[in-house]
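Architecture at a glance
Given next are the chains, with one letter for each unit.
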Amino acid sequence: MAKEHLWWQTGIVYQIYPRSFQDTSGNGVGDLPGILSRLDYLQWLGVTAIWISPCFRSPMKDFGYDVSDYRDIDPLFGTLSDMDDVIAAAHERGIRVILDFVPNHTSDQHPWFIESRSSRDNPKRDWYIWRDAKADGSPPNNWLANFGGIGWQWDEHTNQFYYHAFLREQPDLNWRNPEVREAMFGVLRFWLDRGVDGFRVDVLYHLIKDEQLRDNPENPKWEEGENPYRRLKAVYSSDQDEVHDVVREMRRVFDSYDDRVIIGETYVPLRRLVKYYGENNDGAHMPFNFQLLLLEWRAERIGEFIDRYEGALPEGAWPNWVLGNHDYPRVAWRVGAAQARIAAMLLLTLRGTPTLYYGDELGMADIEIPPDRVVDPPALTLGVGRDGERTPMQWDASPNAGFTSAEEPWLPLAPDYAAQNTAVQREDTLSMLTLHRRLIHLRQSEDALMAGTYHRMYAEGDILAYSRRHNGGGFAVILNLGGSEQVVELGPADSGRIALSTHLDREGDEVSSRVKLRPDEGVIIRLG
Ligand code: ISL
């Protein structure tokens, strides 16, 4: 163990989308007792923290990202006491629990919003963003909603518009109002007091909007047919400098507890991303780095980004990497099954905390959702939905993959579940799951991989190679991002033995001066 580091630095985060992990109530939707029943699996896999997407009371217009009570569990998922059980049982197994905080917006059914919309002089009116129409009756500015259409909703009753960055059922809170901050920090304390180890904070960069609500400029790169939200550059509706004051205040809440973590959801360019660490590491502990989701799958691109990221990190800031989440097509769909093994080796050998999306350890891929089963709001409004990457976890070959006893799960299962599931892959010494478990266990037993330095060796053609070193020991990681055989010349210091191959079959082989990689193969060489 790299003792001088904190749990969230040396750990591996596993994201659970609770609707899709394990159903125990038989209604086709996953729940907290389901997560509880699968903790042994997660412990076996070796992950050290779970992040559970929102399971708070919600009308589920955005499947939990529209919260109507932050201090209670939605009955669909269980009860507060089920959450206490998950926290206690996870802790017994050495697994930390990170919940999902959704501070930018509430549900329109949250009592705060119901009050706020009840009259113009309600004490909670200013808790949301209300504005008059322009003289011609049009909305206050041109801001768009992420899920389609304009970002302003007219309220007949009080004759004003309110702003929503996502669905109209997700009104944005006014974080310039100190009462909102206090109320929301109270929510954090409620859960931190209950033993939660941290929060992933939804759209952290959205919290503060331009005070004058200026129009967003056109995006010259936008082309007809692309996501209409990107037609404008969100320069005034998100990522305002003043958001960092809020982040700093939020951090102070966490700092009044022992080693809890704030992970920010931050879809912003690198130079802006690193600002979320705060000026003196007094911001988010880990602003999510999403580049592995977004970059073209090419060695130069990835190698170059790693260097830029390492170079841009402020002093003392801890890096992190994300390969998949509930908003983007799965890695096996993006890069294919063979390269998904390379991607796993990359994620689990880079410097910085890895976040793994449930099911990616099996190589689950997106599926085409039949039109009558599509449920995600942006799929319905924009035609680009997220259902494909949210299909139920594949546990075994029994009906509905052991996910639910209901006739039909809330989203269809991937058709390959009888062959690709945890039960089958656990027994298969060459499976994606075995590869993940081996990578995780290697990382967790080696200081050099968990916390060592990073040095680029090559990032050219199909080869991405780097070393990780700590206290004289170390590893070289050589990845073939292509489908043809490659021979990589190594420096004199880079000889050693293969600790792991993505093909899981060359362990212990000696390597000196050069290494031959098969198509789609990556190797970790123990140096020395
Ligand atoms: O605008 C984006 C990228 O530039 C989007 O990716 C956007 O930031 C992202 O969809 C935000 O996601 C989060 O908030 C949403 C919720 O639907 C997502 O599931 C959640 O991860 C609203 O709460």
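Everything numeric here is computed off the predicted structure, so don't read it as measured data.

**With respect to the overall build of the protein chain**
A count of helices and strands for the protein chain gives 16 helices and 21 strands. Taking 528 residues into account, the globule formula puts the C-alpha radius of gyration at 24 Å, and the protein chain, at 23 Å, falls close to it. Viewed in the frame of its principal axes, the protein chain has a C-alpha envelope of about 75 × 50 × 50 Å. Within the protein chain, counting contacts between residues at least 6 apart in sequence, those at least 24 apart form 69% of the total. A total of about 20300 Å² of accessible surface is found on the protein chain, and carbon and sulfur atoms cover 47% of it. Distance between charge centroids for the protein chain: 3 Å, based on 56 positive and 81 negative side chains.

**Description of the nonpolar core**
One finds Tyr14, Ile50 and Met250 to be the most contacted residues of the largest nonpolar core, which totals 152 residues. Ile463, Val488, Leu517 and Leu527 belong to the second largest nonpolar core, which has 13 residues in total.

**Details of the sheet that holds strand E10 (residues 261-264)**
The strand order across the open sheet built from eight strands is E11-E10-E9-E5-E2-E1-E13-E12, with neighbouring strands paired in parallel fashion. Strands with a single pairing partner mark the edges of an open sheet, and in this sheet they are strand E11 (286-287) and strand E12 (320-322). Pairing geometry for strand E2 (residues 49-52) and strand E5 (residues 96-101), over four bridges, is parallel. In the strand pairing of E5, Ile50 is matched with Val97. Contacting E2 and E5, helix H4 (residues 80-92) runs over the sheet at an angle of about 140° to E5.

**A closer look at helix H15 (residues 432-445)**
When the terminal C-alpha atoms of H15 are compared, their 20 Å separation across 14 residues agrees well with the 20 Å that a helix rising 1.5 Å per residue should span. Listing the buried residues of H15 in full gives Met432, Leu433, Thr434, Leu435, His436, Leu439, Ile440, Leu442 and Arg443.

**Brief notes about the site of the ligand**
Residues in close proximity to the ligand total 18 residues, the closest being Asp62, Asp202, Tyr205, Asp327 and Arg386. A distance of 2.6 Å separates an oxygen atom of the ligand from a polar atom in the side chain of Tyr205. Note that an oxygen atom of the ligand is positioned 2.9 Å from one of the side-chain N or O atoms of His326. Protein coverage of the free-state accessible area of the ligand, which is 510 Å², stands at 91%. By residue class, the composition of the shell around the ligand is seven nonpolar, three polar and eight charged.

**Thoughts on empty space enclosed by the protein**
A full pass over the atoms with the stated rule returns one cavity of 30 Å³ or more. Volume-wise, the largest cavity comes out at about 50 Å³. Along its surface, the largest cavity is lined by Trp143, Leu144, Tyr163, Asn216, Tyr229, Leu232, Lys233, Ala234 and Ser237. Looking at side-chain class alone, the lining of the largest cavity contains six nonpolar, two polar and one charged residues.

**Topic: the domain arrangement of the protein chain**
For the protein chain, the assigned domains read domain 1 (7-104 + 178-206 + 243-439), domain 2 (111-163) and domain 3 (453-527). Centre-to-centre, using C-alpha coordinates, domain 1 lies 29 Å away from domain 3. Taken together, the 26 residues of domain 1 in the interface contact 28 residues of domain 3. When the two sides are added together, the surface that domain 1 and domain 3 hide from each other amounts to roughly 2100 Å², 65% of it contributed by carbon and sulfur. Broken down residue by residue, the surface that domain 1 buries against domain 3 is led by Ile342, Met345 and Arg438, which jointly contribute 27%.

Conventions we followed
Residues numbered from 1 in each chain as written. Predicted model: local features only at pLDDT ≥ 70, side-chain atom pairs only at ≥ 80, totals over all residues. Heavy atoms only, no water. Helix = DSSP H or I, 4+ residues; strand = E, 2+ residues; numbered from the N terminus. Rg over C-alpha atoms; globule rule 2.2 N^0.38 Å. Contact = heavy atoms within 4.5 Å. Areas by Shrake-Rupley, 256 points an atom, 1.4 Å probe, with all protein chains shown as cover. Lys, Arg positive; Asp, Glu negative; His and termini not counted. Charge placed at Lys NZ, Arg CZ, Asp CG, Glu CD. Core = buried A, V, L, I, M, F, W, Y, C linked by side-chain atoms within 4.5 Å. Buried < 20%, exposed > 50% of the residue type's maximum accessible area, 1.4 Å probe, protein only. Pairing = 2+ DSSP bridges. Axes fitted to C-alpha atoms, helices over the stretch in contact; angles between N-to-C directions. Expected span 1.5 Å × (residues − 1). Near = heavy atom within 4 Å. Polar contact = N/O pair within 3.5 Å; in protein donor to acceptor, adjacent residues only side chain to side chain. Nonpolar A, V, L, I, M, F, W, Y, C, P; charged D, E, K, R; others polar. 1 Å grid on protein atoms, 1.4 Å probe; cavity = no way out; pocket = protein on both sides within 12 Å on 5 of 7 lines; lining within 4 Å. Points joined across faces, edges and corners; volume = space filled by probe spheres on them. Domains from an automatic or database assignment. Buried area = accessible area lost by both parts, 1.4 Å probe.

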